[in-house]
Amino acid sequence: MSQVNGVEYGEKDFSWLKFDRERCVRCGVCVDMCPMDVIHFGSQGYPYMRYRDDCWYCDVCTFMCPRQAIVMEELPYLIR
Ligand code: SF4
Ligand code: SF4
């Protein structure tokens, strides 16, 4: 995993959900609420996109995070 300025870039560099470790309290809401089971806890207990290709950009994770720790960016092909 890579981390820049407190933002977790996931185990795949091209993951478009950025998890801010300065804000994340590892509560698991994003893991539980994702309807596609995309998000899992990584080895250090922080969430990341394990099944990136199953994401349908619904924004549930970013909306439900109580810490506003998730940022969705760099969508490669979807017009939102
Ligand atoms: S919902 Fe937010 S604070 Fe909770 S584990 Fe996910 S990113 Fe971290
Ligand atoms: S945008 Fe939706 S499908 Fe994608 S990871 Fe977040 S909750 Fe899951």
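Since this is a predicted model, take the numbers as computed values, not measurements.

About the thresholds
Residues numbered from 1 in each chain as written. Chains lettered and ligands numbered in written order. Predicted model: local features only at pLDDT ≥ 70, side-chain atom pairs only at ≥ 80, totals over all residues. Heavy atoms only, no water. Helix = DSSP H or I, 4+ residues; strand = E, 2+ residues; numbered from the N terminus. Contact = heavy atoms within 4.5 Å. Core = buried A, V, L, I, M, F, W, Y, C linked by side-chain atoms within 4.5 Å. Buried < 20%, exposed > 50% of the residue type's maximum accessible area, 1.4 Å probe, protein only. Near = heavy atom within 4 Å. Nonpolar A, V, L, I, M, F, W, Y, C, P; charged D, E, K, R; others polar. Polar contact = N/O pair within 3.5 Å; in protein donor to acceptor, adjacent residues only side chain to side chain. Pairing = 2+ DSSP bridges. Patch = residues over 30% accessible without salt bridge, like charges linked within 9 Å, V, L, I, M, F, W, Y side chains within 5 Å. Areas by Shrake-Rupley, 256 points an atom, 1.4 Å probe, with all protein chains shown as cover. Salt bridge = Lys/Arg side-chain N within 4 Å of Asp/Glu carboxyl O.

Draft legend 1. Fine view of the overall build of the protein chain. From N to C terminus, the protein chain includes two helices and six strands. Secondary structure of the protein chain in N-to-C order comes out as β-β-β-α-β-β-α-β. Within the protein chain, counting contacts between residues at least 6 apart in sequence, those at least 24 apart form 41% of the total.

Draft legend 2. Molecular detail of unusual backbone geometry. Its identity is not glycine, yet arginine 26 carries a phi of approximately 55°, on the positive side. With respect to the helices and strands, arginine 26 occurs in the loop between β3 (17-20) and α1 (29-33). Even without glycine at this site, aspartate 59 takes up a positive phi of about 75°. Its location among the elements puts aspartate 59 in the loop between β5 (47-49) and α2 (60-64).

Draft legend 3. Region of interest: the nonpolar core. The biggest cluster of nonpolar side chains holds 18 residues, and the ones touching the most others in it are Trp16, Leu17, Phe19, Cys30, Ile39, Met49 and Ile70. Only β3, α1 and β6 (70-72) provide two or more residues apiece to this core. The residues contacting isoleucine 70, other than those within four sequence positions of it, are Leu17, Lys18, Phe19, Cys30, Cys61, Thr62 and Cys65.

Draft legend 4. Region of interest: the site of ligand 2. The environment of ligand 2 is formed by 14 residues, the closest being Cys34, Cys55, Cys58, Asp59 and Cys61. Considered class by class, the residues forming the shell around ligand 2 number 13 nonpolar, no polar and one charged.

Draft legend 5. Summary view of the side chain of arginine 21. As for its position among the elements, arginine 21 is in the loop between β3 and α1. For arginine 21, a relative accessible area of 13% corresponds to the buried category. A distance of 2.8 Å separates a polar atom in the side chain of arginine 21 from a polar atom in the side chain of glutamine 44.

Draft legend 6. Main features of the site of ligand 1. Taken together, 14 residues lie near ligand 1, and Cys24, Cys27, Gly28, Cys30 and Cys65 sit nearest. Looking at the shell around ligand 1 residue by residue, the classes come out as eleven nonpolar, one polar and two charged.

Draft legend 7. Highlighting the pairing of β3. Here β3 shows a buried face lined by Leu17 and Phe19 and a second buried face lined by Lys18 and Asp20. Relative to β6, β3 runs antiparallel, the two sharing three bridges. Pairing of leucine 17 across the sheet is with methionine 72, part of β6.

Draft legend 8. Quick look at a nonpolar patch on the surface. Residues Met33, Phe63 and Met64 make up a contiguous nonpolar surface patch of roughly 330 Å² in combined accessible area. Inspection of the secondary structure assignment puts phenylalanine 63 in helix α2. Residue classification places phenylalanine 63 among the exposed positions, given a relative accessible area of 69%.

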